[in-house]
Amino acid sequence: MGSTIGVPGIILLVILALLLFGPNKLPELGRAVGRTFREFKNGTREILAEDETPAKKKEEAPQQAVAAEPAKIEDKRLPE
C-alpha cells in the first residue's frame, strides 16, 4: 500500500515547522538544508570523478602491457 504525503500533509508539515521554529528561523533552516544538499552533491560528484579516472587508466594500462610484454601476464583473479 503506497502512501503519499499529498497537499494536506504538506500543509500540516509547514504548520508544524512554523510552530516549532517560528517564522524568523525558517529561512535560516532552509539555507542550511540547501547548503547541506549542495555539499553532499559536490562530494558525490568528486567521488564519482575519482572513481572514473583510475578506471580509465586501468583500461589503457593492460592494452599497453600486452603489446609490450605478452609473456609476463599473470592471472590476478580471486580464487572461487
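Note that the structure is a prediction, hence the values are computed from the model and not measured.

Asker: Honestly, the overall build of the protein in this entry has me stumped. Any pointers?
Answerer: Per the secondary structure count, the protein includes two helices and zero strands. In the protein, which comprises 80 residues, the share counted as buried stands at 2%. About 8,000 Å² of surface is accessible on the protein, with carbon and sulfur atoms providing 63% of the total.

Asker: Help me understand the pattern of salt bridges, please; the structure alone is not making it clear to me.
Answerer: Note that side chains of opposite charge can pair when their charged atoms are close. Enumeration over the complete set of coordinates arrives at one salt bridge. Between Lys25 and Glu28 there is a salt bridge; the shortest N-O distance is 3.6 Å. Glu28 sits in the partly exposed class, given a relative accessible area of 42%.

Asker: Mind showing me how you'd approach the UniProt feature "transmembrane region" (unreviewed entry) in the protein here?
Answerer: In this numbering, the UniProt entry assigns the feature "transmembrane region" (unreviewed entry) to residues 6–22. Taken as a whole, residues 6–22 contains 94% helix and 0% strand, while its terminal C-alpha atoms sit 23 Å from one another.

Asker: Please explain helix H1 (residues 6–21) as it appears in this structure.
Answerer: Side chains three or four residues apart in an α-helix point the same way, a direct result of the helix having 3.6 residues per turn. With 16 residues, H1 extends 23 Å between its outermost C-alpha atoms, agreeing within 8% with the 22 Å of an ideal straight helix rising 1.5 Å per residue. Following H1 by one or two positions, Gly22 has its phi on the positive side, about 85°.

Asker: I tried to follow a negative patch on the surface on my own but got confused; where do I start?
Answerer: Taken together, the side chains of Glu46, Glu50, Asp51 and Glu52 make up a negatively charged region of the molecular surface. Within the secondary structure layout, Glu46 lies in helix H2 (residues 26–68). Among the residues examined, Glu46 registers a relative accessible area of 53% and is labelled exposed.

Reading guide: rules and limits
- Residues numbered from 1 in each chain as written.
- Predicted model: local features only at pLDDT ≥ 70, side-chain atom pairs only at ≥ 80, totals over all residues.
- Heavy atoms only, no water.
- Helix = DSSP H or I, 4+ residues; strand = E, 2+ residues; numbered from the N terminus.
- Buried < 20%, exposed > 50% of the residue type's maximum accessible area, 1.4 Å probe, protein only.
- Areas by Shrake-Rupley, 256 points an atom, 1.4 Å probe, with all protein chains shown as cover.
- Salt bridge = Lys/Arg side-chain N within 4 Å of Asp/Glu carboxyl O.
- UniProt positions renumbered as here; feature names shortened; annotations may be inferred.
- Expected span 1.5 Å × (residues − 1).
- Patch = residues over 30% accessible without salt bridge, like charges linked within 9 Å, V, L, I, M, F, W, Y side chains within 5 Å.
- Lys, Arg positive; Asp, Glu negative; His and termini not counted.
- Charge placed at Lys NZ, Arg CZ, Asp CG, Glu CD.

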